[in-house]
Amino acid sequence: MGEIDGNAIYFDTKQNQPLKARKSMLLDSEKTKNNARYIIYIILILLMIGGTVDLFMSSSGFYGEYTMTTLLKLSLMWFFEFICCVVFVHRILYRNVKHAIPASKKEFGLAIRNNNIWNMFSNKKVTTLKKIFAWILTGTILFTNIGFIYILDRVNQDGHLLGYMIGNEIFMLSLFGFLLFILYYLIWENNLIRWFGVVDKYQKRKLGE
């Protein structure tokens, strides 16, 4: 839900109560609240790397034509990317959650107000539009993942995958594991839809009912 005074604040949906546990040293909302502005730079860097990937393609094992071996290597790379991100982020967000104890309503409220999610909006009030935004964002990532697999299958059916020469597109294909992780993160690690639902109940003083 957020963090306050060195603690990560959670909400136990089964017990319907806020909890707190010592946060990971890597979890710091204050230091990361303005990181969104660097996203455009990250995208540009990725595009630049993608433009030069053919310079080291032969040494990476991705060269020649697409074969089942190539797809197997890509699948293993996706799996490695996904697992590494899941383990790393889970340790940051839930490092001491097993030792969580009840948190006060004041701590819960402060954690909510300090959450960087609000940086995307003009106020810190849950509205129907914000809930719709959460659903659209999650749905977009979900359909992007599904669409990637569908497009890959269509490309293969059209004869532009297996037996086709590997080009610079291999770099973007190799990043699919991160896209899978983003979907996992939005649904299981830090569900924005559920977050807004809990905050909405808190702001309407319905928690505990």
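You'll find the structure just up there.
Residues numbered from 1 in each chain as written. Predicted model: local features only at pLDDT ≥ 70, side-chain atom pairs only at ≥ 80, totals over all residues. Heavy atoms only, no water.

A. Structural context of the overall build of the protein. Broken down by element type, the protein carries nine helices and four strands. Each helix and strand of the protein, placed in order from N terminus to C terminus, yields the pattern β-β-β-α-α-α-α-β-α-α-α-α-α. Within the span of the protein, comprising 209 residues, buried residues form 33% of the whole. Across the protein, the fraction of contacts at a sequence separation of at least 24, relative to all contacts at a separation of at least 6, is 77%. (Helix = DSSP H or I, 4+ residues; strand = E, 2+ residues; numbered from the N terminus. Buried < 20%, exposed > 50% of the residue type's maximum accessible area, 1.4 Å probe, protein only. Contact = heavy atoms within 4.5 Å.)

B. Here's a closer look at the nonpolar core. Ranked by size, the top nonpolar core spans 17 residues in total, and within it M1, F108, I112, W118, W195, F196 and V199 carry the most contacts. Residue contacts for V199: discarding those within four places in its chain leaves M1, I112, W118 and V126. By size, the runner-up hydrophobic cluster in this structure holds nine residues, among which are L74, L173, F176 and L179. (Core = buried A, V, L, I, M, F, W, Y, C linked by side-chain atoms within 4.5 Å.)

C. Focus on the pairing of strand 2 (residues 7–12). Burial within strand 2 is extensive, with five of its six residues counted as buried. Pairing of strand 1 (residues 2–4) with strand 2 involves three bridges; the strand directions are antiparallel. The partner of I4 across the bridge, within strand 2, is N7. Between the end of strand 1 and the start of strand 2, which pair antiparallel, lie two residues, with D5 showing a positive phi angle near 50°. (Pairing = 2+ DSSP bridges.)

D. Focus on the environment of Y66. By the element assignment, Y66 lies in the loop between helix 3 (57–60) and helix 4 (68–94). The class of Y66 is buried, set by a relative accessible area of 3%. Between the C-alpha atoms of Y66 and I170, which are 104 residues apart in sequence, the distance is 9.8 Å.

E. Fine view of helix 9 (residues 192–203). An ideal rise of 1.5 Å per residue puts 16 Å on twelve residues; helix 9 measures up with 16 Å between its terminal C-alpha atoms. Among all positions of helix 9, only L192, W195, F196, V198, V199 and D200 are buried. (Expected span 1.5 Å × (residues − 1).)

F. Representation of the pattern of salt bridges in the model. Counted under the stated rule, the structure contains three salt bridges. For K20, the salt bridge goes to E107, with nearest N and O atoms at 3.0 Å. Separated by 87 residues along the polypeptide, K20 in strand 3 (residues 17–22) and E107 in helix 5 (residues 105–114) bring together distant segments of the chain. On the basis of relative accessible area, E107 is assigned to the buried category, the value being 16%. Measuring nitrogen to oxygen at the nearest pair gives 3.5 Å for the salt bridge that ties K204 to D200. (Salt bridge = Lys/Arg side-chain N within 4 Å of Asp/Glu carboxyl O.)

G. Structural detail: the packing of aromatic side chains. One pass over the full model with this rule turns up twelve aromatic pairs. Residues Y10 and Y94 carry aromatic rings whose centres are separated by 5.5 Å and whose planes lie at 25° to one another, so their mutual orientation is stacked. Residue Y10 is found in strand 2, and its partner Y94 is found in helix 4; the two are separated by 84 residues along the sequence. Each ring, one from F82 and one from Y184, has its centre 5.6 Å from the other, and the planes form 80°; the classification is edge-to-face. Remark: Y184 occurs in helix 8 (residues 176–189) and F82 occurs in helix 4; sequence separation between them is 102 residues. The exposure class assigned to F82 is partly exposed, which follows from its relative accessible area of 22%. Among the residues examined, Y184 registers a relative accessible area of 22% and is labelled partly exposed. Aromatic ring contacts, followed pair by pair, group W118, F121, F133, W195 and F196 into a single cluster. (Phe/Tyr/Trp six-rings, centres within 6.5 Å; stacked < 30°, edge-to-face > 60°.)

H. Representation of the environment of Y202 in the model. Along the chain, Y202 falls in helix 9. Y202 sits 90 residues away from I112 along the chain, and the two C-alpha atoms are 9.4 Å apart.

I. Here's a closer look at the pairing of strand 3. Here strand 2 runs beside strand 3; their pairing, made up of six bridges, is antiparallel. Within strand 3, the residue paired with D12 across the bridge is Q17. Taking the residues that link successive antiparallel strands as the turn, the strand 2-strand 3 hairpin has four residues, and the phi of N16 there is positive, at about 60°. As paired strands, strand 3 and strand 4 (residues 101–102) are joined by two bridges and run antiparallel to one another. Note on strand 4: the bridge partner recorded for K20 is I101.

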